[in-house]
Amino acid sequence: MAVKHAETVKRAGSAARIGFGIILLFILSTAAIFAAEDTVYEKVIAHGGGAFHGYETTNSVEALNQSIANGYKIIELDMELSADYKIIMLHDWDRTAVHYYGTSFSKKLSQSSFSRLSVHGVLEVLTFDKLAAILEKNPEIRIVSDTKGDNIELLTVIRDEYPKMLSRIIPQIYDYDQWSKVKELGYQDIIFTLYALDKPNAAELTSFAGEHELYAVTMPDYMASRGLLRQLSDAGIAVYVHPVADYHEAMGFLKQGASGVYSGSLLPEEFDGIEREYYLTVSWDGSAAVKLTDQRIDRWSELVLYGTKPHDSVAFHLNQVSSCAGDNDFAQLKPGKHVLTVEISENGERKGTLTYYLWKDKGKLRVVHKKYEYRIDGVGEEIDFHTVMQNESVRPEVAEILEHSLIAKEGGHIFYMNGIQEAYMNGEEYLTVQNGGFGRLLLPLGTSLLRLGAESVVMNGGKDISILYRQEKSMIMANTSIVRRGFLVTRLNMPVTLYLNKAMAGGEFYRCITGREYLEKDGKIVILPEGKKYNGAMKDELLAAAGKLFR
């Protein structure tokens, strides 16, 4: 009996320990869920520093400052250690270097060498020293760190070199083992990001989140779309999805339980406040379309305000002065930039105002969301080729040559082809003519060749560019200088490069493909009509007259 009693006590003790373990696990899981419920999560985190004038994920000074001005409270930045163990904002040393900096790195750079670079040739690179100074002036801002390098080493450098910034950093971890190491360094809020995991398991992640204090879990959009978001959010875990650029896609993830998204283009006010309820759409058949971002319309009646309720009243104002109510008001608009404000009231009480910008020219009316105002500002005044030639008293012979040329200028997106003003575009963003060094300009390859008469220009995923010009096929790979045409090989002095994932090429490339000669000087380039070639005084006269087309 004594033995039986001892065994009974032993079993009872084991049962008690098992029961206690289950209770403890329940408490831990519940605590994690309650912590998630108590924490106020930002609906949107600025991805890669946020967007600046169409440039996304640049991790630049301009992008960071713009994100702060746009109201983001949490900003994700890509960080790496330089050759001298300084922290710099860089996505990686190899895969994206050419895209952002126009060059590749055979080895890591020192911080001073990195600081002499620019992002896309125009934006200032960001170091942790610069970041710390900006954070000092903006105490409400926190930074999510991301790195493709040694995470623990990088976070250790932040702790040792910038101890005052420790609470301002929300570090991401990339596997289960990193959590305790990061906690030991003194970081409080930790995000478990899943993009580096091969096959993330919902049950394993839920168990881990229940036993370890996490700020959130973040996952790529494709993982979220496969059901992992719903599984984790149903378990009470705060989840972010990245990267998300489309408003309606973001709303879809929030409905599935996401706490928020990482985005370079969606603004905080689009998730909270008046714009969460109301926004303009464009409808051609009477049904509301997607949220308006940048659209061309023919008539006022194509604009539809989404979200209106029975007791709402809506007033539209042009240039914050006059009211507008129909197509006649828009028809009478003068060419150029205008402000459209939409004032929404409920039972006579003002609820809020939406702001959009308009651009009117000889064609359709262009309407953009206020975050794309810079696109409107970049349109500029339409300059008529023939008017300039006449007003500037350009000799008819010179004007005749230029009228059948392609003309462009460094740093601008406007170009002329056959006397017609056009714009180089990358989607809805303007694509500018680049300086390739030594005074040689790089023009967007696809658009330029098509305007010069190519039947087709195609670049595949491997960056091989195939050109069909007058039924003759030519091939070149981006970031190389060898043009292949059948068995004929031509080596260029300047390679075809990539800028914003668009192929860019210098004058000699267009000469190689089309046979056209070109003139180039002082940031201007003229690709001449076929069979034309000029030097000396005529060359200078042509370039001087071409320059008068740009103000």
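Look above for the structure.
Within each chain, residue numbers correspond to sequence positions counted from 1 in written order. Per-residue local features of the predicted model are confined to residues with pLDDT of at least 70, and side-chain atom pairs are confined, for both listing and counting, to 80 or more; whole-chain, interface and lining totals are unaffected and use all residues. Calculation of side-chain values draws on the structure's entire complement of heavy atoms; hydrogens and water are dropped beforehand.

Draft legend 1. Up close: the overall build of the protein. Secondary structure elements are taken from DSSP: a helix is a run of H or I of four residues or more, a strand is a run of E of two residues or more, and numbering for both begins at the N terminus. Counting its secondary structure elements, the protein contains 19 helices and 34 strands. Dimensions of the protein along its principal axes, counting C-alpha atoms only, are 120 × 65 × 45 Å. For the protein, the residues scored as buried account for 49% of the 551 residues in total. Looking at the protein alone, contacts between residues at least 24 apart form 54% of all its contacts between residues at least 6 apart. The protein chains shown are the only cover counted for residues, whose accessible areas, like all others here, come from Shrake-Rupley with a 1.4 Å probe. Carbon and sulfur atoms form 51% of the exposed surface of the protein, whose accessible area is close to 26,600 Å². Three exposure classes are used, based on accessible area relative to the maximum for each residue type with a 1.4 Å probe and protein chains only: buried under 20%, partly exposed in between, and exposed over 50%. Any two residues whose heavy atoms approach within 4.5 Å at even a single point are treated as in contact.

Draft legend 2. Seen up close, the pairing of strand E22 (residues 420–423). Two strands make a pair as long as DSSP finds a minimum of two bridges between them. With 4 bridges joining them, strand E21 (residues 414–417) and E22 adopt antiparallel strand pairing. Within the sheet, the bridge partner assigned to Met417 lies in E22 and is Ile420. Counted along the chain from E21 to the antiparallel partner E22, the turn is 2 residues long, and its residue Asn418 has a positive phi close to 55 degrees.

Draft legend 3. Spatial organisation of the nonpolar core. Met79, Phe128 and Leu131 are the most contacted members of the largest nonpolar core, which totals 86 residues. One finds Tyr55, Trp93, Val496 and Ala505 within the second-largest nonpolar core, a separate group that totals 50 residues. In these notes, a set of buried Ala, Val, Leu, Ile, Met, Phe, Trp, Tyr and Cys residues joined through side-chain atoms within 4.5 Å is what counts as a nonpolar core.

Draft legend 4. Representation of the side chain of His413 within the structure. Mapped onto the elements, His413 comes out in the loop between strand E20 (406–409) and E21. A 3.5 Å cut-off defines polar contacts: any pair of N or O atoms within that distance qualifies, except that in protein one atom must be a possible hydrogen donor and the other a possible acceptor, and neighbouring residues in sequence count only when both atoms are side-chain atoms. Within the structure, the side chain of His413 is placed 2.8 Å from the backbone oxygen of Gly378, a separation counted as a polar contact. Those residues within four positions of His413 in sequence are excluded, and the remaining contacts are Gly378, Val379, Glu422, Ala423, Tyr424, Tyr430, Leu431 and Thr432.

Draft legend 5. Inspection of the packing of helix H2 (residues 61–69) against helix H5 (residues 128–137) at higher detail. Every axis corresponds to a line fitted to the C-alpha atoms, with the helix fit spanning only the stretch in contact, and the corresponding angles, defined between N-to-C directions, vary from 0 to 180 degrees. Running from amino to carboxyl end, H2 crosses H5 at an angle of 20 degrees, the nearest separation of the two axes being 11 Å. On the basis of their axis angle, the class for H2 and H5 is roughly parallel. The crossing of H2 and H5 is right-handed. Residues Val61, Leu64, Asn65 and Ile68 of H2 pack against Lys130, Leu131 and Ile134 of H5. A per-class count over the contact of H2 with H5 returns 5 nonpolar, 1 polar and 1 charged. By the definition adopted for this analysis, an angle is roughly parallel if under 35 degrees, roughly antiparallel if over 145, roughly perpendicular if from 65 to 115, and oblique otherwise. Throughout, a crossing is termed right-handed when the near helix is turned clockwise from the far one, and left-handed when it is turned anticlockwise from it by less than a right angle. Three classes are used, and their members are as follows: Ala, Val, Leu, Ile, Met, Phe, Trp, Tyr, Cys and Pro are nonpolar, Asp, Glu, Lys and Arg are charged, and the others, Gly among them, are polar.

Draft legend 6. Here's a closer look at the pattern of salt bridges. Here a salt bridge means any side-chain nitrogen of Lys or Arg lying within 4 Å of a carboxyl oxygen belonging to Asp or Glu. Here the structure, examined in full by the defined rule, presents 31 salt bridges. Residue Lys371 pairs with Glu270 through a salt bridge whose shortest N-O separation is 2.8 Å. Of this pair, Lys371 sits in the loop between strand E19 (365–369) and helix H14 (373–377) while Glu270 sits in the loop between strand E11 (260–263) and helix H12 (274–277), placing them 101 residues apart in sequence. Take Lys371 and Glu270: they sit in the same class, and that class is buried. Here Glu517 makes a salt bridge to Arg511, at a shortest N to O gap of 3.4 Å. In this structure Glu517 comes out as partly exposed when scored by relative accessible area, which is 22%. When its relative accessible area of 33% is taken as the criterion, Arg511 is described as partly exposed.

Draft legend 7. Examining the pairing of strand E27 (residues 456–459) more closely. With 4 bridges connecting them, E27 and strand E28 (residues 464–469) associate as antiparallel partners. The residue of E28 that forms the bridge with Val457 is Ile467. Counted between consecutive antiparallel strands, the loop separating E27 from E28 contains 4 residues, among which Lys463 sits at a positive phi close to 70 degrees.

In short, the description is geometric, and any link to function would need to be established separately.
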